[in-house]
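Residue strings, one per chain:
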Amino acid sequence: MSDLIQPLDEHNLRHLANVHPSAYVNPTPKARYHLVVIGAGPGGLVAAAAGAALGARVALIEKHLMGGDCLNVGCVPSKAVIRAARAWHEARHGAALFGAPAATGPGDFGAVMERMRRLRADMSRVDSVARFTGLGVDVFIGTGRFASPDTIEVGGARLNFRRAVIATGARPALLPMPGLAEAAPLTNETIFWLTTLPRRLLVIGAGPIGCEMAQAFARFGSQVTLANRGGRILPREDYDAAGIVEEAMLKDGVDLRLGSTFVEVRREGADRILVLERGGHRETIAADAILVAAGRSPNVEELGCDAAGVAKCARGVVVDDRLRTTNPRIYAIGDVCSQHQFTHAADAHARMVVQNALFFGGAKVSRLVMPWCTYTSPEIAHVGMHAADAAKAGLEVDTITVPLEELDRAILDDANEGFVRVHLKKGTDRILGATLVAGHAGDMIGELALAITAGTGLGAVAGTIHPYPTQGEITRKAADAWRRTKLTPSVKRLFAAWFRLVS
Ligand SMILES: Cc1cc2nc3c(=O)[nH]c(=O)nc-3n(C[C@H](O)[C@H](O)[C@H](O)COP(=O)(O)OP(=O)(O)OC[C@H]3O[C@@H](n4cnc5c(N)ncnc54)[C@H](O)[C@@H]3O)c2cc1C
C-alpha cells in the first residue's frame, strides 16, 4: 500500500478503501464480455459506466488506484494545493491591497496537504470499486495484458471480449540526466505525499504541471527555481499569454532558468545540486527537493500489444479518427493515445468509443472542440486554433484582442493582467480559436467553446446579455470590438444619410 500513496493517515486509508480495497476479491469472469476496459482513470471509468448503463456486460481492470492520475496524483490534488496557495497569497497581500488584517508567520503547509487528502478521500467514493460494482461492472484489480486478439489476462483469469478499450493513461517521463535518478526526484506521483514544505524546490520542466506547482510552492514560501530546456514557459500557449504568466511567476519569486542545457545532478549531503549551462555559462542550483515535470510517457509496455495486433508509436497506441486501434475489436482513449492529455479529453473519448465500439457509431476525434486550461495565476485557457495553426491550415484570420484593463470587474478585483484574444476566419464572425488569460479563465472559456461547437459565431456572443460587472463580460467586449469593425466608411456614410433624413 505504501508504494501507492503516503502517508497512511486516516484520509489516505479511507481513500484506499475506496480505490484499492485490500480485502477485495476479483469476481469470476463471465463467459464473454461485450466490453473490457483496461485502466480505471477518467477515460476508463466513463467508458465502463456508460457501457453498463446501456446494458452491456462490462469488465474494468485497474492495476493501481481507481480514478487514475486525475483523482490520485493529478487534477484533484494539484487543484486543492493551488487553491490553498491562492489563499496564502491573498492573505500575504491583502493588507497592502485591501487594507485587510495583516497576515504574518510561515503558515501551516501540513494543514494544506491534509486538507487535500481529506477532500480527495471524500471525492474518491465516486470512483470507488464499490460504486462500480454497484453499477453492474465486474471490477478486476490487477495488471491487464492481452493474451490474444480477443482475450485479456488479469490476475490469472482470462477475460474474453467482443470489444476492448485501452485506457491505461501515461506516467511522468524520466529525463536521461546523469545523477538524477540517484537524487530521488519527486514527480506528480510523489509530490502530493509531502507533509513538510521543502525550503528550496527545484522544478524541472515549464509545461503546465511544472508551472502550476512552481508558482504554488513559491506562494507557500519555498525558494523555487524552475529550470527548462526551452527558452519560454508554456510553449504550447499563445506567446503573449505565456508572457503574462511568466511575469506573474517572477513576481511570486520563482527563479526562472530558461534555455538550459542540463549537465548532471549530484548529491552533497542532503543537498541536490543541479548543474546546467546557459548562454555559455555553467550554473549550479542547490535544492532540498527536485520535482521532475518534463513530459509524459504512455503506459503501453505491460499491455502485450503484440499478442493482440495493436500497433504502438511514440505517442502510445496508434488509433484512427474513430479511436480504433490496428485491431478492429480494440479501441484506445485518453492519455495513452491522445495529443490532448486532459481529463475532459479522456471523458469525451470514452463517450465516443462507447458509441463506436458497442454500436455502429461514427464519432470522430477530429470533430471534437477541445478547450483546456493551465491553472496558474492568472490562468490561461484556450480553445481551437492559434494563429499559427490557422496559417498552417491556409486560413487567413482577423484577430481581436481585448485587455482585461478595459473590464470594470477586473479593475475592481485587482486582477487586470490578462486579455481575451479571438481569431476569426477573415471577413466573418466564425471563431477559429480563442485564448483567455484571467484569474478564472478556465471558467470563462466555455462560452467560446460553445460558440465554436454550435457554430454560432462571435455575433451571437455580442447579442448575449452578460451580467455586469463580471469578468465573463470580456467575451462580449471582444464581440463588440468585432461589431465595430463592421462600421466601415460606407456603412457610416449610410447611417449619416439616414440621420440627415430623419433630422
Ligand atoms: C499533476 C497533474 C495535474 C493535472 N491537472 C489536470 C487538470 O487540471 N485538468 C485536466 O483536464 N487534466 C489534468 N491532468 C491530466 C489528467 O490527469 C489526465 O489527462 C487524465 O487523468 C487522463 O485520463 P486517462 O483515463 O487517459 O488515464 P489515467 O488517469 O492515467 O488512468 C489510467 C489508469 O490505467 C491504469 N493502468 C495502466 N496500465 C494498466 C494495465 N496494464 N492494467 C490495468 N490498469 C492499468 C493506471 O494505473 C491508471 O489508473 C493533470 C495531470 C497531472 C499529472
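Note that the structure is predicted; figures quoted are calculated from it, not measured.

A. A look at the overall build of the chain. Looking only at helices and strands, the chain features 16 helices and 23 strands. Computed over C-alpha atoms, the radius of gyration of the chain comes to 25 Å, within 12% of the 23 Å expected from 2.2 N^0.38 for 503 residues, which places it in the range of a compact globule. Viewed in the frame of its principal axes, the chain has a C-alpha envelope of about 90 × 60 × 45 Å. A total of 503 residues make up the chain; the buried ones form 48% of that total. Taking contacts inside the chain between residues at least 6 apart in sequence as the whole, the part at least 24 apart equals 63%. Of the roughly 22,900 Å² of accessible surface on the chain, a fraction of 54% belongs to carbon and sulfur atoms.

B. Broad picture of the site of the ligand. Near the ligand there are 37 residues, and of these E62, K79, G144, D335 and T343 occur at the shortest range. Broken down by element, the residue count for the shell around the ligand peaks at four residues, all from helix α3 (residues 68-73). Of the residues in the shell around the ligand, the class split is 14 nonpolar, 17 polar and six charged.

C. Structural detail: the layout of surface pockets. Estimates place the volume of the second largest pocket at around 790 Å³. Lining the second largest pocket are 27 residues, with H89, R219, S377, D414 and A415 sitting closest to its centre. Of all the secondary structure elements, the ones that give two or more residues to the lining of the second largest pocket are α4 (75-98) and α8 (239-251). A total of eight residues in the lining of the second largest pocket trace back to one element, the largest contributor, which is α4. When the residues that make up the lining of the second largest pocket are grouped by side-chain class, the tally is nine nonpolar, nine polar and nine charged.

D. Quick peek at the packing of aromatic side chains. The tally for this structure, following the rule as stated, stands at six aromatic pairs. Here F217 and F220 contribute two aromatic rings whose centre-to-centre distance is 5.9 Å and whose plane-to-plane angle is 90°, an arrangement assigned as edge-to-face. On the criterion of helical spacing, the pair formed by F217 and F220 is a turn pair, its members being three residues apart in helix α7 (residues 208-220). Clustering of aromatic rings is evident, with ring pairs tying together W88, F109, F217 and F220. Above the face of the F419 ring, R421 is positioned so that its terminal group lies 4.6 Å from the ring centre.

E. The sheet that holds strand β9 (residues 223-227), seen in detail. The sheet built from four strands is open, its strands ordered β10-β9-β8-β14 with parallel pairing. Looking at the sheet topology across the chains shown, the edges are occupied by β10 (255-257) and β14 (289-292). Strand-to-strand, the axes of this sheet are offset by a mean angle of 20°, without reference to chain direction. Pairing of β9 with β10, which is carried by three bridges, proceeds in the parallel orientation. Bridge pairing links A227 to R257 in β10.

F. Layout of the pairing of strand β12 (residues 271-278). One ladder, built from seven bridges, connects strand β11 (residues 261-268) with β12; its direction is antiparallel. In the strand pairing of β12, R266 is matched with I273. Where β12 meets strand β13 (residues 281-287), seven bridges bridge the pair, whose relative direction is antiparallel. Bridged to R272 within β13 is A287. As consecutive antiparallel partners, β12 and β13 are separated by two residues, and within that stretch G279 has a phi angle of approximately 55°, a positive value.

G. Seen up close, the environment of E62. The topology assignment puts E62 in strand β2 (residues 58-62). In this structure, E62 is in contact with G39, A40, G41, F140, I141 and G142, ignoring residues within four places of it in sequence.

H. Examining helix α5 (residues 109-123) more closely. Here α5 contains 15 residues, and its C-alpha end-to-end distance of 21 Å stays within 8% of the 21 Å for a straight helix at 1.5 Å per residue. The set of residues buried in α5 consists of F109, V112, M113, M116, R117, R120 and A121. An end-on view of α5 places all buried positions within 165° of arc, on one side of the element. Contacts from the buried residues of α5 go to α1 (10-19), α3, α4 and α7. Where α5 begins, one side-chain oxygen reaches toward the backbone nitrogen of G110, 3.2 Å away; that side chain belongs to D108.

I. Fine view of the side chain of T187. Mapping T187 onto the fold places it in the loop between β7 (170-172) and β8 (200-204). Beyond its immediate chain neighbours, meaning those up to four positions away, T187 contacts P172, L291 and V292.

J. Representation of the nonpolar core. One finds L60, M66, F146 and I166 to be the most contacted residues of the largest nonpolar core, which totals 58 residues. Here the element with the most residues in this core is helix α10 (residues 343-358); it accounts for six residues. In contact with I166, not counting residues within four places along its chain, are I38, F146, L303, V310, V317, I330, Y331, A332, I333 and V336.

K. Focus on the packing of α4 against α5. One can describe the packing of α4 onto α5 by two numbers: an axis separation of 9 Å at closest approach and a directional angle of 140°. As summarised for this structure, α4 and α5 are arranged oblique, according to the angle between their axes. Judged by the sense of rotation from one axis to the other, the crossing of α4 with α5 is right-handed. Counting all contacts with α4, which are made through V76, P77, A80, V81, R83, A84 and W88, the residues of α5 involved are F109, V112, M113, R115, M116, R120 and M123. Here the contact of α4 with α5 is composed, by residue class, of 11 nonpolar, no polar and three charged.

L. View of the pattern of salt bridges. Tallying each qualifying case throughout the model produces 26 salt bridges. One salt bridge connects R476 with E473, and the closest N-O pair in it is separated by 3.1 Å. Here the residue R476 and the residue E473 both occupy positions in helix α15 (residues 473-485), the gap between them amounting to three residues, near one helical turn. Judged by its relative accessible area of 5%, E473 is buried. Among the charged side chains, a salt-bridge network with shared partners connects D255, R257, R278 and E283.

Cut-offs used in this document
- Residues numbered from 1 in each chain as written.
- Predicted model: local features only at pLDDT ≥ 70, side-chain atom pairs only at ≥ 80, totals over all residues.
- Heavy atoms only, no water.
- Helix = DSSP H or I, 4+ residues; strand = E, 2+ residues; numbered from the N terminus.
- Rg over C-alpha atoms; globule rule 2.2 N^0.38 Å.
- Buried < 20%, exposed > 50% of the residue type's maximum accessible area, 1.4 Å probe, protein only.
- Contact = heavy atoms within 4.5 Å.
- Areas by Shrake-Rupley, 256 points an atom, 1.4 Å probe, with all protein chains shown as cover.
- Near = heavy atom within 4 Å.
- Nonpolar A, V, L, I, M, F, W, Y, C, P; charged D, E, K, R; others polar.
- 1 Å grid on protein atoms, 1.4 Å probe; cavity = no way out; pocket = protein on both sides within 12 Å on 5 of 7 lines; lining within 4 Å.
- Points joined across faces, edges and corners; volume = space filled by probe spheres on them.
- Phe/Tyr/Trp six-rings, centres within 6.5 Å; stacked < 30°, edge-to-face > 60°.
- Lys NZ or Arg CZ within 6 Å of the ring centre and 35° of its normal.
- Pairing = 2+ DSSP bridges.
- Axes fitted to C-alpha atoms, helices over the stretch in contact; angles between N-to-C directions.
- Expected span 1.5 Å × (residues − 1).
- Arc of directions from axis to C-beta.
- Polar contact = N/O pair within 3.5 Å; in protein donor to acceptor, adjacent residues only side chain to side chain.
- Core = buried A, V, L, I, M, F, W, Y, C linked by side-chain atoms within 4.5 Å.
- Parallel < 35°, antiparallel > 145°, perpendicular 65-115°, else oblique.
- Left-handed = near helix turned anticlockwise from the far one by under 90°.
- Salt bridge = Lys/Arg side-chain N within 4 Å of Asp/Glu carboxyl O.

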